[in-house]
Amino acid sequence: MSAEPGGERLVDHEADSEDRAVEAALRPRQLGEFIGQERVRQQLDLVLRAARERGATADHVLLSGAPGLGKTTLSMIIAAEMGAPIRITSGPAIQHAGDLASILSSLQEGEVLFLDEIHRMSRPAEEMLYIAMEDFRVDVIVGKGPGATAIPLELPPFTLVGATTRAGLLPPPLRDRFGFTAHMEFYAPAELERVVHRSAGLLDVEVDPAGAAEIAGRSRGTPRIANRLLRRVRDYAQIKADGSIGQETASRALEVYEVDQRGLDRLDRAVLEALLKLFGGGPVGLSTLAVAVGEERETVEEVAEPFLVREGLLARTPRGRVATPAAWAHLGLTPPAQQAGQPGLFGG
Ligand SMILES: Nc1ncnc2c1ncn2[C@@H]1O[C@H](COP(=O)(O)OP(=O)(O)OP(=O)(O)O)[C@@H](O)[C@H]1O
Ligand SMILES: [Mg+2]
């Protein structure tokens, strides 16, 4: 992980090895335990309940959304709610259509097949999946070259749950074969507070409401990050305080780990600071900005910027990167145009 840019960041949306080790224990098991995503939960509840009542296998479900929002969790909940076993695999793990054929042909009736990172599947496997999803059939190719024949193999009905962080990369024929698509949104702070309380209960840590709010506010709308920050704050509370987490402890701990009130870490702040202090808020080219913070272009563009843009702190314009008034406010600085008594770029 350490070779990857941003791989060790506390506010990384992707799971690191510690996350993977503890996430299983923190996963909600039933739909009723799953926090937030109100609409998705309601819709999924209908889909699953109706299938259950008909004694049928649930329709295929596509889950799309940023890393750490609960796609894997929901896939397991779908299986649990249907009382069905779950088989877990991922797009990159399926190199050849044959890999997929052997998984499909060993499924039991009603089983949930969770296909993570479904956008990264190979083309031949994808085409096999179309048929399997629609007709519950795979064509097993026997032999090679002109003498090869396809032997159709009937599959028991199963539920495919596909997950993707990049729904836009899915070919439309694949997307269309899902009966239900759930778009997972970033979580509201109040929802993340509930995530923190719930996880604290499971980890046996005491957190008061203000402490939970402090952690939630810095978690970038992402339960995985909330859980990770909670673990780091727990460490701090254990060593530097009495073990329980209040607002003050949470805030001091996250200062130590350099995650600020808005969830920006050192890299995010370095990018913003360079943009404001060295380039007067821009516009400045990406390469120049990257050199100024001593990082690769890709790191600035792919690791730091998406969240800054999402937070409305930075804008990507044809002339270069530009800071918004919110960026100046967040770093407690005054935009130069205002100092000179002129209206700023954003009318500020
Ligand atoms: N709605 C939720 N309520 C409570 N906890 C949640 C919720 N969503 C996610 N979590 C927690 O966040 C962690 C990450 O969730 P999960 O692994 O399901 O994310 P993901 O969308 O599959 O991420 P990735 O794209 O990286 O695979 C889990 O440990 C889970 O406990
Ligand atoms: Mg996942």
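What counts and how
Residues numbered from 1 in each chain as written. Chains lettered and ligands numbered in written order. Predicted model: local features only at pLDDT ≥ 70, side-chain atom pairs only at ≥ 80, totals over all residues. Helix = DSSP H or I, 4+ residues; strand = E, 2+ residues; numbered from the N terminus. Expected span 1.5 Å × (residues − 1). Buried ≥ 20, exposed ≤ 12 C-beta atoms within 10 Å, placed from the backbone. Arc of directions from axis to C-beta. Contact = placed C-beta atoms within 7 Å. UniProt positions renumbered as here; feature names shortened; annotations may be inferred. Near = placed C-beta within 6 Å. Nonpolar A, V, L, I, M, F, W, Y, C, P; charged D, E, K, R; others polar. Domains from an automatic or database assignment.

**Some points on the overall build of the protein**
Check the secondary structure of the protein and you find 15 helices and nine strands. Each principal axis of the C-alpha distribution contributes one length, and for the protein these read about 75 × 50 × 35 Å.

**Considerations on helix 5 (residues 123-135)**
With 13 residues, helix 5 extends 19 Å between its outermost C-alpha atoms, agreeing within 8% with the 18 Å of an ideal straight helix rising 1.5 Å per residue. The complete set of buried residues in helix 5 reads Met128, Leu129, Ala132 and Met133. For helix 5, the arc enclosing every buried residue in end-on projection is 135°, short of the 170-degree limit, so these residues lie on one face. Structural note: helix 5 exposes Arg123, Glu134 and Asp135 on the side pointing more than 90 degrees away from its buried face. Buried positions along helix 5 lie against helix 4 (97-105), strand 4 (137-142), strand 6 (159-164) and helix 6 (172-175). A positive backbone phi angle near 50° is found at Phe136, which sits one or two residues after helix 5.

**Some words on the UniProt feature "binding site: Mg(2+)" (unreviewed entry) in the protein**
According to UniProt, the feature "binding site: Mg(2+)" (unreviewed entry) maps to Thr72 in the numbering used here. In this structure Thr72 comes out as buried when scored by C-beta crowding, with 20 C-beta atoms within 10 Å. Residues within four places of Thr72 in sequence aside, it is in contact with Asp116 and Ala163.

**Here we look at the site of ligand 1**
The local shell around ligand 1 holds 22 residues, among which Glu23, Gly70, Lys71, Thr72 and Thr73 are the closest. For the shell around ligand 1, the secondary structure elements donating two or more residues are helix 1 (17-26), helix 3 (71-82) and helix 9 (223-240). For the shell around ligand 1, the residue count by class is nine nonpolar, eight polar and five charged. Both domains that meet at the shell around ligand 1, namely domain 1 (37-183) and domain 2 (189-256), each give it at least three residues.

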